[in-house]
Amino acid sequence: MSIRLLIIIPTLFATLMIVFLLGYLGPIDPVTILRSQWAAQGVYLNEEEVAELRSQYGLDRPFHEQFGTYMGNLLQGKFGYSFLDAAPIWPRIKRALPVSGALALGVIAIMAFVGIPLGILAARFHNTWLDYSIVSGSLFFWSIPPYVLVPIMLIVTVLWLDLMNVPRGWKGIMHPSYFVAAAIISTRSLAGIIRQTRGGILEVLQNDYVRTARAKGLNEVLVMTRHVARNALIPVVTSLGLLVDDFMWGAVFVDLAFNLPGLGRLFQQGLSGRDFNMINGVVLFTAGLTMAINLIVDLVYPVLDPRVAYD
């Protein structure tokens, strides 16, 4: 376990360096975006003023100097300031975290209380109409990208079913827009959870101890929950630990469509404005969160299977 903890540091360093390098090599920088925004307001900068602004932000320095300065600030707990409005990055991430965290919990709840039971049902009634319906339905929703699913769900819930008004901002976890947003983000991951649960259950059902439990006359519910599900859920738990990536991908579109002040919106703002400090901060925080969740998943393994042990 100590080795896993040590691996996190170089992994975060490599992730940040790659993202930083992509921004450095990009054809457009924050000064170019600022220049176009100010030009739209009637303020025009000449080439000398643009060069001075780049020098002020340190964008005219070589990569190793820019990256070294950023790492030095990061080691002091400073995520830097936005290139576009000079606001500090970390307070914005802290304000966005509760919103994204609440959505993430909703997605995990859907995975646990919808995806896993549906996978168990599909395996229990293998090669029946129920199995085919669950698997094909999950694959159908998996094939729809978030930027297509978001407007469809809004049309259905707002115009057809009249379940809510057009979502504008964060309304809390009890508002219908919260459940709709969490459902949209979870659709792609839900198909994977259902298929992995189904495959794991079918594999475990072939074991001798399951046949023995049934031969002893145990209730089918006890056989599925006590002897089958627990042993089949280890790969499913692994998938739950990798949901952060899918969550960020879907959260970008959901935050924009629902006008939510979450991490996805911050990331989109950073990309559109080439705000490198914003992009680096969100990516670094998300990467660290992903590794922390997967570390927790590793700690859950021995609970599901006592045969798994860590040095």
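Student: What is the right way to read the packing of aromatic side chains from this model?
Tutor: To describe a pair of aromatic rings, one takes the distance between the centres and the angle between the planes. Under the defined criterion, the tally for this structure stands at 14 aromatic pairs. Arranged with centres 5.6 Å apart and planes meeting at 55 degrees, the rings of Y147 and F253 form a pair that is tilted. Here F253 lies in helix α12 (residues 243-258) and Y147 lies in helix α7 (residues 146-160), a separation of 106 residues in the sequence. Seen in terms of ring centroids, W170 and Y178 are 6.0 Å apart; in terms of plane orientation they differ by 80 degrees. Their pairing is edge-to-face. On the basis of relative accessible area, W170 is assigned to the partly exposed category, the value being 32%. Judged by relative accessible area, which is 9%, Y178 ranks as buried. The residue whose ring lies beneath R124 is F125, and the NZ or CZ to ring-centre distance is 5.4 Å.

Student: Help me understand the side chain of D131 in this model?
Tutor: For D131, the location among the structural elements is in helix α6 (residues 129-142). On the basis of relative accessible area, D131 is assigned to the buried category, the value being 0%. Polar contacts involving the side chain of D131 include one to the side chain of R198, which spans 2.8 Å. If we ignore the near neighbours within four places in the chain, the residues touching D131 are A122, F125, H126 and R198.

Student: What am I meant to see in the packing of helix α2 (residues 30-40) against helix α3 (residues 47-57) here?
Tutor: For any two helices packed against each other, one specifies the inter-axial angle together with the distance between the axes. Put simply, α2 and α3 touch, their axes get as near as 10 Å, and they point 135 degrees apart. Compared by their axis directions, α2 and α3 come out oblique. Note that α2 runs across α3; the crossing there is right-handed. Note on element contacts: α3 touches α2 through E47, V50, L53, R54 and Y57, opposite V31, T32, L34, R35 and W38. Within the contact of α2 with α3, the residues separate by chemical class into 6 nonpolar, 1 polar and 3 charged.

Student: Would you take a moment to explain a nonpolar patch on the surface for this structure?
Tutor: Taken together, the side chains of I155, L159, W160, L161 and L163 make up a nonpolar region of the molecular surface, amounting to roughly 600 Å² of accessible area. You can see W160 is positioned in helix α7.

Student: Just to check I follow, could you spell out the pattern of salt bridges for this structure?
Tutor: Opposite charge on two side chains allows them to pair when their charged atoms are near. The tally for this structure, following the rule as stated, stands at 5 salt bridges. Between D29 and R54 there is a salt bridge; the shortest N-O distance is 2.5 Å. One end of the pair, D29, is in the loop between α1 (2-25) and α2; the other, R54, is in helix α3, and 25 residues separate them in sequence. Between D208 and R211 there is a salt bridge, and its shortest N-O distance comes to 2.8 Å. Taken as a pair, D208 and R211 lie in helix α9 (residues 208-215) at a separation of 3 residues, close to a single helical turn. D208 gets classed as exposed once you look at its relative accessible area, which sits at 58%.

The rules behind each value
- Residues numbered from 1 in each chain as written.
- Predicted model: local features only at pLDDT ≥ 70, side-chain atom pairs only at ≥ 80, totals over all residues.
- Heavy atoms only, no water.
- Phe/Tyr/Trp six-rings, centres within 6.5 Å; stacked < 30°, edge-to-face > 60°.
- Helix = DSSP H or I, 4+ residues; strand = E, 2+ residues; numbered from the N terminus.
- Buried < 20%, exposed > 50% of the residue type's maximum accessible area, 1.4 Å probe, protein only.
- Lys NZ or Arg CZ within 6 Å of the ring centre and 35° of its normal.
- Polar contact = N/O pair within 3.5 Å; in protein donor to acceptor, adjacent residues only side chain to side chain.
- Contact = heavy atoms within 4.5 Å.
- Axes fitted to C-alpha atoms, helices over the stretch in contact; angles between N-to-C directions.
- Parallel < 35°, antiparallel > 145°, perpendicular 65-115°, else oblique.
- Left-handed = near helix turned anticlockwise from the far one by under 90°.
- Nonpolar A, V, L, I, M, F, W, Y, C, P; charged D, E, K, R; others polar.
- Patch = residues over 30% accessible without salt bridge, like charges linked within 9 Å, V, L, I, M, F, W, Y side chains within 5 Å.
- Areas by Shrake-Rupley, 256 points an atom, 1.4 Å probe, with all protein chains shown as cover.
- Salt bridge = Lys/Arg side-chain N within 4 Å of Asp/Glu carboxyl O.

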